[in-house]
Every structure is written in structure tokens, then in C-alpha cells.
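A look at the structure
Listed below, chain by chain, are the residues.
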Amino acid sequence: MLDSKRSLDDAGGVAPWTAIGRPAKSARQRILVTAIELFCRHGYEAIGVDVIAQASGASKSTIYKHFDSKEKLIAAVLEEEGATWRAWFYGELGKFEGDARDRVLGLFEVLESWFSDPNFYGCAFLNAISEAACDDQRPRALADVHKSHLLAWLHAQALELGAAPKEFTQAMIVLIDGAIMAAHASKDATFAKSGGLLAASLLDTQLPAAGV
């Protein structure tokens, strides 16, 4: 079982699932890390390029040299945060031994570790979508790429469990995204446990009923 209170790595006190606080080796990285922290803490719409320029120590012209627009900067933030989070998340999932059931329930322990971190500000992708205009497909397209990794992982677990992949994957996404949004809104990490209990109920009742 993972320690849900473990939030910072041993090396530098940096949350391993986010680029917030990571050292920057170039002007572009400094701008990006600054933007990640400001967007995650305060929202994408609330933070303008001028605020990022002041906080990063870079001029607005330097920011636009590396990122053509605020939209391009947001896309870079999502790509960076997505890659960092996935490396951590799937690394943590890989530590669970046992069968697909153990791995699926372990997923909610990993989520609780994430929710318990003081730097948890919800999912960068869900937040971006919630702030975007209804007809703005850019954050949704990036979120689809990010979510495709989880969908593939859940599909593999469904096959091992003998569950219908589409139905199982959709049910799990409801529990996962629901737990993320509830934990973000309430600042209560135990929503991960609630999601895990519902997942266990799904595994113990629905799969046997399907003849697994």
C-alpha cells in the first residue's frame, strides 16, 4: 500500500507529479514553470502574460518569442504538466503487485496521494476545459491526448478482468474524474477513498453478474 501522505520527493522538496518548483535551465523553462504555477494556483483566465512576465523576470517580448500567444503558452503548460504527471502516475501504479483488481483499486490510493499534496490544484486539463469557451476545442484536444493513456491502461485492466472494455472504462472515468473534481472543490483527499469503495463495489457486483 502506498503512503497517501507522501507528497514531496527526497531530492528537493518538489512534488513529483508537477513541474511547479522545478529548477529552470533556460529562459523558456523559467517562463514555463512560472506559468504552470500561476495558472494552476489562480486559473488560466485570471493570469495574463504581464503577470507571468513580472513573476518570471522575463519581458513580454521574450515570452512571445518562445510562445506566439497566451494560447500557445497554455498548450505548452498542459503538455508539460501532462507529461510530468503521467510519468509520476504510471510509475506509482507500477509499484502495485497483484492482479488487475489490485491495480485498479491501487489507482485510487495513488489519487489520494495526489489529492493530499498541498500543491494539488485539481487536474490541469479539466481546469482548462472548464475555463474555455464552449466552442474552443484546443484544450479538449490536448485533454483527449492526455486521457488516451489512462483509457488504454483501463482497457488493458478490463480485458484481464474479463469486463466489457467500453462500459468498464467509462464507469472508471466517471469515478476518477468525479473524485478529482470533488477533491479539488472541497480540498478533501478522502474523495479518493470514496471512489475506491465504489470501484470495489463495481468489481465485486457487476463483474460476477456478467459471468466473470
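Here's what I pulled together on the structure shown here. (Residues numbered from 1 in each chain as written. Predicted model: local features only at pLDDT ≥ 70, side-chain atom pairs only at ≥ 80, totals over all residues. Heavy atoms only, no water.)

**Description of the overall build of the chain**
Within the chain, the regular secondary structure consists of nine helices and zero strands. Scaling as 2.2 N^0.38, a compact globule of 212 residues should have a C-alpha radius of gyration of about 17 Å, and the chain matches this with 18 Å. Based on the C-alpha atoms only, the size of the chain along its principal axes is roughly 60 × 40 × 30 Å. Here the chain holds 212 residues, and 46% of them are scored as buried. (Helix = DSSP H or I, 4+ residues; strand = E, 2+ residues; numbered from the N terminus. Rg over C-alpha atoms; globule rule 2.2 N^0.38 Å. Buried < 20%, exposed > 50% of the residue type's maximum accessible area, 1.4 Å probe, protein only.)

**Brief notes about the nonpolar core**
One finds Leu73, Trp114 and Phe115 to be the most contacted residues of the largest nonpolar core, which totals 63 residues. Elements represented by at least two residues in this core include exactly α1 (27–42), α2 (49–56), α4 (70–93), α5 (100–116), α6 (124–131), α7 (138–161), α8 (165–186) and α9 (191–209). Ignoring sequence-local partners within four residues, the contact set of Phe115 consists of Phe120, Ala179, Ile180, Ala183, Ala189 and Ala192. (Core = buried A, V, L, I, M, F, W, Y, C linked by side-chain atoms within 4.5 Å. Contact = heavy atoms within 4.5 Å.)

**Considering the state of the cysteines**
Per the stated rule, a full pass over the model turns up zero disulfides. Counting only cysteine sulfurs, Cys123 is the nearest neighbor of Cys40, a cysteine outside any disulfide, at a range of 9.5 Å. A relative accessible area of 15% places Cys40 in the buried class. By relative accessible area, Cys123 is classed as buried at 10%. (Disulfide = S-S within 2.5 Å.)

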